[in-house]
Amino acid sequence: MKLTRLTMALAALALGASAATAQVTSLPAAKLFPNENAELVTLHLNKAREIAGDDLFLLYQQRCIIDQAFPIVDDDMQNAGLVLPTKAFEDLYFVGQNGVSAWLVKTNAGYVVFDALNNADEAENILVDGMKKLGLNPAELRFVVVTHEHRDHYGGAKYLQDTYGVQVVASEVAWTSMERATGTPVRNVTVADGQSWTVGGKTFQFFVTPGHTDGSLSTIIPVTDKGGKSHKAALYGGFGIPGNVTNKVKQIQSLQRFGVYTQAAGVDVIIGNHQVQDASLAKMDLARHRRCDANTCIDPNPFVIEKTVAGAKSTSPEKFRVYSRFLQVQEQCIRVNAARNGQVLPL
Ligand SMILES: [Zn+2]
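Residues numbered from 1 in each chain as written. Predicted model: local features only at pLDDT ≥ 70, side-chain atom pairs only at ≥ 80, totals over all residues. Heavy atoms only, no water.

Attention now goes to the overall build of the protein chain. Along the protein chain, the regular secondary structure elements total 12 helices and 12 strands. Looking at the protein chain residue by residue over its 347 residues, the buried ones come to 49%. Here the contacts in the protein chain between residues at least 6 apart in sequence split such that 61% fall between residues at least 24 apart. A total accessible area of about 16100 Å² is found for the protein chain, and carbon and sulfur atoms account for 55% of it. (Helix = DSSP H or I, 4+ residues; strand = E, 2+ residues; numbered from the N terminus. Buried < 20%, exposed > 50% of the residue type's maximum accessible area, 1.4 Å probe, protein only. Contact = heavy atoms within 4.5 Å. Areas by Shrake-Rupley, 256 points an atom, 1.4 Å probe, with all protein chains shown as cover.)

Have a look at this one:
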């Protein structure tokens, strides 16, 4: 025993403390940031915390801390796996899996689904199967919108196109990139930045928001709650923080631009293309247990991000500022990430 400890101590001297710790415990090493600019991390981490307040704390914690400093936790939270398909609004449904989301919107002319999961198998056995479980007819699937040109978001699109004649929608840049890959669906619809697009009485607003990828597409989606109350949801195309400074700057500029449009539209619902980005697992569980009769609910819709301000009228614009604050938190988290890696971003 003594000899073992002596051997370990010598190994620690030879290899440095972190390597020795990993050797002793056989556990993965803690994430280290050798180039960190601690002062800037402190500045932006606390700024993000302040902007987040209490209502956005969980999302702040995920993006600024867990995702960056505790990748073993973040990765485990996003393991591929089945979750229950869920109705979030009268016309918005989750038909994705734990590792990547798919949001389906019901219109008077059929369904529009945002993202198609990793591959044909998932499109068939998760997305389409989820629709069936929710009582939605897959034959009425009309469009799949690709939020960005990474395989986990468009891998199942070709299957949906071939099987159900679904039209695939993406930005020009995303199409160009996807067309260089194999297993890409045939190009159907290309949408431009700022374009409004009406399907079956619903008008979607598209914005090209480069950063995570150059072809990321963000959308403002009108949704309706039980009892007929209208809300506006926003689905940002790609929150994943890019590695290099150029793309981080692009992403910040995109977030700021999208903030202007979402504020003007009165966005009050956050949905994301990964469940860790919108806390949708918890919100879906709440939605399934929401107490409602035919037309009214005792409990609020958990996806609506209104902030109640003491003394303010119900028409207070504060309730629409939550999404803007959410985007500002994302920007600060990008700045935290840059500072952890010793990168300097312009202010
Ligand atoms: Zn991606």
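We are not done yet, so read on.
Between any two of four tetrahedral donors, the ideal angle at the metal is 109.5 degrees; between two of six octahedral donors, it is 90 or 180 degrees. For the zinc ion, the full set of protein donor atoms is His 148 (NE2), His 150 (ND1) and His 212 (NE2), and the range of their distances to it is 2.1 to 2.2 Å. For the zinc ion, the donor residues sit on a single chain with the sequence spacing H-x1-H-x61-H. Here His 148, found in the loop between β5 (141–145) and α7 (151–154), pairs with His 212, found in the loop between β9 (202–208) and β10 (217–224); they are 64 residues apart in sequence, far enough to count as distant. (Donors = N, O, S within 2.8 Å, 3.2 Å for Na, K, Ca; no water.)

A few words now on the state of the cysteines. Within this structure, the stated rule accounts for two disulfides. Across the disulfide, Cys 64 is cross-linked to Cys 333 (sulfur-sulfur distance 2.1 Å). Negative torsions about the S-S bond denote left-handed disulfides, and the value of about -105° found for Cys 64 with Cys 333 makes this one left-handed. Here the residue Cys 64 occupies a position in helix α4 (residues 57–69), and Cys 333 occupies one in helix α12 (residues 321–340), the gap between them amounting to 269 residues. Exposure remark for Cys 64: the relative accessible area of 0% places this residue in the buried category. The disulfide partner of Cys 292 is Cys 297, and the S-S distance across this bridge is 2.1 Å. Measuring handedness by torsion sign, the sulfur bridge of Cys 292 and Cys 297 sits at about 100° and is right-handed. (Disulfide = S-S within 2.5 Å.)

Close contact between helix α3 (residues 38–52) and α4 brings their axes to 9 Å; oriented N to C, the two are set at 160°. Between α3 and α4, the crossing angle belongs to the class labelled roughly antiparallel. In the crossing of α3 with α4, the sense of the turn from one axis to the other is right-handed. Every residue of α4 that contacts α3 at Leu 45, Ala 48, Arg 49 and Ala 52 is listed here: Phe 57, Tyr 60, Cys 64 and Ile 65. Partitioned by chemical class, the residues of the contact of α3 with α4 number seven nonpolar, no polar and one charged. (Axes fitted to C-alpha atoms, helices over the stretch in contact; angles between N-to-C directions. Parallel < 35°, antiparallel > 145°, perpendicular 65-115°, else oblique. Left-handed = near helix turned anticlockwise from the far one by under 90°. Nonpolar A, V, L, I, M, F, W, Y, C, P; charged D, E, K, R; others polar.)

As a further point, take the pattern of salt bridges. Tallied over the entire structure, the rule returns 15 salt bridges. When the shortest N-O distance is used, the salt bridge between Asp 193 and Arg 257 registers 2.5 Å. Remark: Arg 257 occurs in helix α10 (residues 245–265) and Asp 193 occurs in the loop between β7 (189–191) and β8 (196–199); sequence separation between them is 64 residues. Under the relative-accessibility criterion, Asp 193 is labelled partly exposed at 39%. (Salt bridge = Lys/Arg side-chain N within 4 Å of Asp/Glu carboxyl O.)

Residues other than glycine seldom take positive phi values, yet Ser 26 does so here, at roughly 60°. Locating Ser 26 in the fold gives a position in the loop between α2 (17–25) and α3. Even without a glycine there, the phi angle at Leu 117 is positive, about 65°. Of note, Leu 117 is situated in the loop between β4 (110–114) and α6 (120–133).

Take it as geometry only, folks, not as evidence of what the structure does.
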